[in-house]
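Read off the chains here:
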Amino acid sequence: MPYTNLEVRTDGTFSPCCLSTYSYKKEDGTTYNIETDSVTEVWESADRIKHANAIDNSEIATCNHCWNIEKTQGYSKRIFESDKRGSVINDTPRSLDIKFNNVCNLKCVICSPINSSLWYSDYEKLKGYKFDNSKYKWIHHVDVYDKFKIYLQHAELLEFYGGEPLLIKNHYDILKHCVDSGISKDQKIRTNTNGTVKITDELLDTYSKFKYVGLNWSIDSVIKEEFEYQRYPANFDNVISNLQYVIQNKPDSVALSITYTVNAMNILSIGEMIKFVKTHKLFLHLNLLNWPNFLNFNILPKSQIVNYVSSIDDADVLYNGITLDTIKQYHESDNRDYLAGKMKDYLTSLDAIRKTDFKKTFPKLKEFLDDY
């Protein structure tokens, strides 16, 4: 939220939060960037303050993801963060979302080279030209600790997302600083991991020094073939093994959650994930896909989604925000059938590059897309 949070994106620009499509701008219209501008300049900027003043009173177009969820009585990130940290404009950020760069060892179907360096080659084959990655190397030119040291002591929450944070040294350096300086005991962390990197005992010990650690495991299906297609080229068995190790060895400060990014490929297998989190007593964060819009679950027929989701027994599920009821209502409010052709072309092209087959992996999706 612009009154409490500041996000640094993988390209070094600043944003209100991870779901916003907006980058803070200077009075001359240029975009703030961590390579050339200080955190103070961004936080005290007229543009950031304007967004903070407006977000509770008007529907800012760049924040439409949350507004769309709220229209269907859903519990959006905007409401969640406001409940947690209030809506009073602060002198310094109370939460920092730092995406150090786009280094990642996966090239998920719903992702792009903006957030995954492994995507570069496939991007070139799809587009016919190379991805310009020059903006994603700021971490090599910026002293991250120096940029944030005066703000870390005031931050109640630190968020680390991807790329893959567990592959990025700066992520560990920030954690070590917080522990060594004695401020970790009053701080909370949220981290997303793709689960392919085994979490060491040393890192679990570091987590034990924090007030709270929300460790989110990104798993978009518990059906092996579906998972490995979406989270290419991850190995499902390896990811589950790493998860089970943390379940068995995590300190009390760590709360494990499964982040399930709901999209057209996995909406019709969400029932299997419901069973999985109930069995393992894990929190479930249903993340409604925001981009690319041509993979949105709303593209599928409304009746198919509502009938399937209504048949699922989600009693006793430990939801972290959005529930199945939100999905049913959200689908009814926003139909995107017109993007089906684009989804079919994209998946077909990606299959040709990766030697995968969406038609075999997702037969119900194939049946729907046959008409496009």
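A brief structural summary. Every value quoted in this text rests on a predicted model; they were computed, and no experiment measured them.

What follows covers the packing of aromatic side chains. In this description, an aromatic ring pair is defined by two values, namely the gap between the centres and the angle between the planes. Tallied over the entire structure, the rule returns 10 aromatic pairs. Relative to Phe131, the ring of Tyr120 lies with its centre 5.6 Å away and its plane at 25°, an arrangement referred to as stacked. Here Tyr120 is found in helix α5 (residues 120–127), whereas its partner Phe131 is found in the loop between α5 and α6 (144–152), with 11 residues between them in sequence. Given the relative accessible area of 17%, Phe131 is considered buried. On the numbers, 5.4 Å between centres and 65° between planes, the contact of Phe227 with Phe236 is edge-to-face. In this structure, Phe227 and Phe236 share a single accessibility class: buried. Of the aromatic side chains, those joined through ring pairs into one cluster are Tyr120, Tyr123, Tyr129, Phe131 and Tyr136. The positively charged end of Arg48 is found above the aromatic ring belonging to Trp43, 3.6 Å away from the centroid. One cation-aromatic arrangement involves Lys198 over Tyr245; the distance from NZ or CZ to the ring centre is 4.4 Å.

Let's shift gears to the pairing of strand β1 (residues 5–8). On β1, burial covers both faces: Asn5 and Glu7 on one face and Leu6 and Val8 on the other are all buried. The pairing of β1 with strand β3 (residues 95–98) spans 4 bridges and is classified as parallel. For Glu7, the partnering residue across the bridge sits in β3 and is Asp97. Here 2 bridges tie β1 to strand β2 (residues 14–15), and the two strands are oriented antiparallel to one another. When the bridges of β2 are listed, Val8 appears paired with Phe14. Linking β1 back to β2 in an antiparallel pair, the connection comprises 5 residues, with Gly12 at a positive phi of about 90°.

So, about the environment of Pro16. Tracing the backbone through its elements, the reader meets Pro16 in the loop between β2 and α1 (39–43). For the pair formed by Pro16 and Asp97, sequence separation is 81 residues and the distance between their alpha carbons is 9.5 Å.

On to the packing of α5 against helix α14 (residues 340–354), then. Direction vectors running N to C along α5 and α14 enclose 120°, while the axes themselves pass 10 Å from each other. Relative to α14, the element α5 lies oblique. For α5 against α14, the interelement crossing comes out right-handed. Here α5 contributes Asp122, Lys125 and Leu126 to the contact with α14, which in turn contributes Tyr346, Ser349, Leu350, Ile353 and Arg354. Looking at side-chain class alone, the contact of α5 with α14 contains 4 nonpolar, 1 polar and 3 charged residues.

Turning our eyes to something else, we now look at the environment of Leu288. Structurally, the position occupied by Leu288 is in strand β8 (residues 283–288). Sequence-wise, Leu288 and Tyr330 are 42 residues apart; in three dimensions their C-alpha atoms are separated by 9.5 Å.

The next point concerns unusual backbone geometry. The omega torsion across Tyr232 and Pro233 is -5°, close enough to zero to call that bond cis. As for its placement among the helices and strands, Pro233 is situated in the loop between α9 (224–230) and α10 (236–249). For the bond running from Trp291 to Pro292, omega is 0°, close enough to zero to count as cis. With respect to the secondary-structure elements, Pro292 resides in the loop between β8 and α12 (302–310). Of note, Lys355 is a non-glycine position whose phi angle comes to about 60°, a positive value. When its relative accessible area of 72% is taken as the criterion, Lys355 is described as exposed.

A word on the sheet that holds β3. The strand order across the open sheet built from 9 strands is β2-β1-β3-β4-β5-β6-β7-β8-β9, with neighbouring strands paired in mixed fashion. The strands lining the two open edges of the sheet, one partner per strand, are β2 and β9 (318–319).

This brings us to the pattern of salt bridges. The final tally for this structure, using the stated rule, is 21 salt bridges. The closest approach of N and O atoms between Arg9 and Glu7, which form a salt bridge, is 3.6 Å. By the burial criterion, Arg9 is buried, and Glu7 matches it. Across the salt bridge formed by Lys149 and Asp146, the nearest N and O atoms sit 3.4 Å from each other. One end of the pair is Lys149 and the other is Asp146, both in helix α6 and 3 residues apart, which spans about a single turn. Through salt bridges that share partners, Glu7, Arg9, Asp97 and Lys99 make up one connected network.

Here is what the cut-offs are and how they apply
- Residues numbered from 1 in each chain as written.
- Predicted model: local features only at pLDDT ≥ 70, side-chain atom pairs only at ≥ 80, totals over all residues.
- Heavy atoms only, no water.
- Phe/Tyr/Trp six-rings, centres within 6.5 Å; stacked < 30°, edge-to-face > 60°.
- Helix = DSSP H or I, 4+ residues; strand = E, 2+ residues; numbered from the N terminus.
- Buried < 20%, exposed > 50% of the residue type's maximum accessible area, 1.4 Å probe, protein only.
- Lys NZ or Arg CZ within 6 Å of the ring centre and 35° of its normal.
- Pairing = 2+ DSSP bridges.
- Axes fitted to C-alpha atoms, helices over the stretch in contact; angles between N-to-C directions.
- Parallel < 35°, antiparallel > 145°, perpendicular 65-115°, else oblique.
- Left-handed = near helix turned anticlockwise from the far one by under 90°.
- Contact = heavy atoms within 4.5 Å.
- Nonpolar A, V, L, I, M, F, W, Y, C, P; charged D, E, K, R; others polar.
- Salt bridge = Lys/Arg side-chain N within 4 Å of Asp/Glu carboxyl O.

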